[in-house]
Amino acid sequence: CRVHQWDSEEPVPRAELLAGVAGKRGLLCLLSDRIDREVLEAAGPSLKVISTMSVGFDHLALDEIKKRGIRVGYTPDVLTDATAELSVALLLATCRRLPEAMEQVKNGGWTTWKPLWMCGYGLSDSTVGIIGLGRIGQAVARRLKPFGVKRFLYSASHPKPENATEFEAEFVPLMRLAEESDFVVVTCALTPATQGMCNKDFFARMKKTSVFVNTSRGAVVNQEDLYDALAQGQIAAAGLDVTTPEPLPTNHPLLSLKNCVILPHIGSATYATRSTMAVLAANNLLAGLQGEPMPHELQL
């Protein structure tokens, strides 16, 4: 293969991408690259394969890609464990107020032991609601179960009994999940149906003591509504690994709240996982170029 590579950790500038893709047969892209009609037209009819180093594909204009008969490779499964681990870490950091507690140590707020100082919420005997019980949702439930969670609920586009059996998870409507869960974890894909689904009505149904965690995509959440819910004490706390936009501006209102923990989209960020994702993305691309079955092809 003759490879034209953008050799930087920073995303390729738009103009460079449009110029670089012209006449190419294959494109290996990242989550940070928006592959829309403009890019596809710049590539021209020679483009046969797109391989994305991600499990998500909301950055790809799938309708346009399908119309042109271009094959798409992606990297599911390999980042499931890393993302599930991060989801649990974020949940624990949020519900036990770890960043806030660390700040108290640094700024002198830690004076003596006090009965109710820095108290948070524990998982033991709790009800956990998972939105999207796919690979990552199941992996999160599997890790939370040993913490003594009493009950799992889940919402999805349709019941998934084969996914739920292991956790005796109950399929419920979204608003019932909001009402009954002590912890809500969002691990669904971003689709037109899930966009903005966690909104004012959703947060209003949640308990004042409940904790909300999102490691899926930022656009699943209405961030203005989340800010209001957190600022007004409608819910106890939130932990986000994904936001809209990314990166989140440093003056964003959510960053002013003590009860909101925000991470820079590091769900799959272990050395081993990122290496495996890179190799899989390359193998998907090579297989597509040779007209062979990809290790992981997105069925359009």
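- As annotated in an unreviewed UniProt entry, the chain carries the name Glyoxylate reductase/hydroxypyruvate reductase and comes from Jacana jacana.
- Listed under Sequence similarities (unreviewed entry) in UniProt, the entry text for the chain is "Belongs to the D-isomer specific 2-hydroxyacid dehydrogenase family."

1. So, the pattern of salt bridges
Link 1 in the chain: Under the criterion given, the structure shown has 18 salt bridges.
Link 2 in the chain: Across the pair Glu166 and Arg142 runs a salt bridge whose closest N-O atoms are separated by 2.8 Å. Within this pair, whereas Glu166 is found in the loop between helix H7 (161-164) and strand E6 (170-171), its partner Arg142 is found in helix H6 (residues 135-144), the two being separated by 24 residues in sequence.
Link 3 in the chain: Note on Glu166: relative accessible area 40%, which makes it partly exposed.
Link 4 in the chain: Notably, a salt bridge pairs Arg151 with Glu170, separated by 3.6 Å at the nearest N-O pair. Of this pair, Arg151 sits in strand E5 (residues 151-155) while Glu170 sits in strand E6, placing them 19 residues apart in sequence.
Link 5 in the chain: Among the residues examined, Arg151 registers a relative accessible area of 28% and is labelled partly exposed.
Link 6 in the chain: Here the salt bridges share partners, and the residues they tie into one network are Arg14, Arg34, Asp36 and Glu38.

2. A word on the UniProt feature "domain: D-isomer specific 2-hydroxyacid dehydrogenase NAD-binding" (unreviewed entry) in the chain
Link 1 in the chain: Using the residue numbers shown here, the UniProt feature "domain: D-isomer specific 2-hydroxyacid dehydrogenase NAD-binding" (unreviewed entry) corresponds to residues 88-267.
Link 2 in the chain: Between the end C-alpha atoms of residues 88-267 the distance is 10 Å, and the span holds 30% helix and 15% strand.

3. Some remarks on the sheet that holds strand E2 (residues 49-52)
Link 1 in the chain: The 4 strands are arranged E1-E2-E3-E11 in an open sheet whose pairing can be described as mixed. Unpaired on one side and paired on the other, strand E1 (26-29) and strand E11 (297-298) mark the two borders of the sheet.
Link 2 in the chain: By the bridge criterion, 2 bridges tie strand E3 (residues 71-73) to E11 in an arrangement that is antiparallel. By the bridge assignment for E11, Gly73 is matched with Glu297.

Conventions and cut-offs
- Numbering of residues starts from 1 in each chain and follows the order in which that chain's sequence is written.
- The predicted nature of this model means local features are confined to residues of pLDDT at least 70 and side-chain atom pairs, given and counted, to a pLDDT of 80 or more, with totals for whole chains, interfaces and linings taken over all residues.
- Where side-chain values are given, they derive from all heavy atoms of the structure, hydrogens and water being excluded.
- UniProt positions are given in the numbering used here, feature names are shortened, and annotations may be inferred rather than shown by experiment.
- Each reported salt bridge corresponds to a side-chain nitrogen of Lys or Arg within 4 Å of a carboxyl oxygen of Asp or Glu.
- Secondary structure elements follow DSSP: runs of H or I of four or more residues count as helices, runs of E of two or more count as strands, with numbering from the N terminus.
- Note on exposure labels: buried denotes an accessible area under 20% of the residue type's maximum, exposed denotes more than 50%, and partly exposed covers the range between, all computed with a 1.4 Å probe on protein chains only.
- At least two DSSP bridges between two strands are required for those strands to pair.

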